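# Coordinates in review
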Amino acid sequence: MDLFATRRSIRKYTSQEVEGQMVETLLKAAFFAPTARNLKPWHFLVIDDRQILTELAEEFPTMSMLAGAPLAIVVCGDSEISEDFWPDDCAAATQNILLCATQNGLGSCWCAVYPRVERMEGFVEKFQMPEQIKPYSLIALGYPDETKQTPERYDPARVHYNGFKPAAEQ
Ligand SMILES: Cc1cc2nc3c(=O)[nH]c(=O)nc-3n(C[C@H](O)[C@H](O)[C@H](O)COP(=O)(O)O)c2cc1C
């Protein structure tokens, strides 16, 4: 439970590089994610080039934390392998990377690419992605330079046993 509770979106990072071994650990965690029909329709684009990270921060305002991040992983789906479930499969892989990052002392932030068409098109063009490769999320990563508290989030009002009951009966 600690792992889930301590994972927060971290947008400030120290200048410490993320070691290659750690990147491989994050990717291995991603590949353990469940996928529809076990099709595993992913591609992972690792970005550790300072200039590209800075460009992304400038081009995509929702990813401005990349200006100070040493690493990003773009999770992509292959629509030729899984036409309809690639977004779900990419979401599962994204969450695995976030939790693995927390477990290993890294800060991370999930940044949406899909379903924002202009962001998807921007990534396809920038990284020369083939037609069937769909950029889904970008995960900013680095050693954390901010701490966040764990808020209480469990909400029994959003939990329903055996059906949704009319409000009067709750
Ligand atoms: C699908 C999705 C898209 C998100 N996109 C962005 C984003 O583009 N930029 C950003 O800074 N945070 C983004 N976030 C992070 C959320 O803002 C964050 O998860 C939320 O505020 C809850 O905070 P926590 O992650 O610390 O629990 C995204 C999260 C999800 C799940």
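The notes below deal with the structure included here. Given the structure is predicted, the values throughout are model-derived calculations rather than measurements.

Right, let's talk about helix α2 (residues 20-31) for a bit. The terminal C-alpha atoms of α2 lie 17 Å apart, and with 12 residues this matches the ideal 16 Å at 1.5 Å per residue to within 8%. Restricting attention to buried positions, one finds in α2 the residues Met 22, Val 23, Leu 26, Leu 27, Ala 29 and Ala 30. Taken around the axis of α2, the buried residues stretch over an arc of 155 degrees, which confines them to a single face. Structural note: α2 exposes Gly 20, Gln 21 and Lys 28 on the side pointing more than 90 degrees away from its buried face. In this structure, the buried side of α2 is in contact with β1 (42-47), β2 (71-78), α4 (86-103) and β4 (133-142).

Inspection of every chain in the model, using the stated rule, returns eight aromatic pairs. For the pair Phe 31 and Trp 42, a centre-to-centre distance of 5.5 Å together with 85 degrees between the ring planes defines the contact as edge-to-face. You can see Phe 31 sitting in helix α2 and its partner Trp 42 sitting in strand β1, a full 11 residues away along the chain. Aromatic ring contacts, followed pair by pair, group Trp 86, Trp 110, Tyr 114 and Tyr 136 into a single cluster.

Our next topic: the site of the ligand. If you check the shell around the ligand, you find Arg 7, Arg 8, Ser 9, Arg 11, Thr 62, Met 65, Cys 109, Trp 110, Cys 111, Ala 112 and Arg 153 and nothing else. Contacts to the ligand include Arg 8, whose side-chain N or O atom sits 2.9 Å from an oxygen atom. In this structure, an oxygen atom belonging to the ligand sits 2.8 Å away from a side-chain N or O atom of Arg 11. Protein chains shield 64% of the accessible area of the ligand, which is 620 Å² for the free molecule. Looking at the shell around the ligand residue by residue, the classes come out as five nonpolar, two polar and four charged.

The step from Tyr 114 to Pro 115 runs through a cis peptide bond, and the omega angle for that step is 5 degrees. Considering the arrangement of structural elements, one finds Pro 115 in the loop between β3 (107-112) and α5 (117-126). Despite not being glycine, Asn 162 shows a phi value in the positive range, around 65 degrees. Note on placement: Asn 162 falls in the segment after β4.

What counts and how
- Residues numbered from 1 in each chain as written.
- Predicted model: local features only at pLDDT ≥ 70, side-chain atom pairs only at ≥ 80, totals over all residues.
- Heavy atoms only, no water.
- Helix = DSSP H or I, 4+ residues; strand = E, 2+ residues; numbered from the N terminus.
- Expected span 1.5 Å × (residues − 1).
- Buried < 20%, exposed > 50% of the residue type's maximum accessible area, 1.4 Å probe, protein only.
- Arc of directions from axis to C-beta.
- Contact = heavy atoms within 4.5 Å.
- Phe/Tyr/Trp six-rings, centres within 6.5 Å; stacked < 30°, edge-to-face > 60°.
- Near = heavy atom within 4 Å.
- Polar contact = N/O pair within 3.5 Å; in protein donor to acceptor, adjacent residues only side chain to side chain.
- Areas by Shrake-Rupley, 256 points an atom, 1.4 Å probe, with all protein chains shown as cover.
- Nonpolar A, V, L, I, M, F, W, Y, C, P; charged D, E, K, R; others polar.

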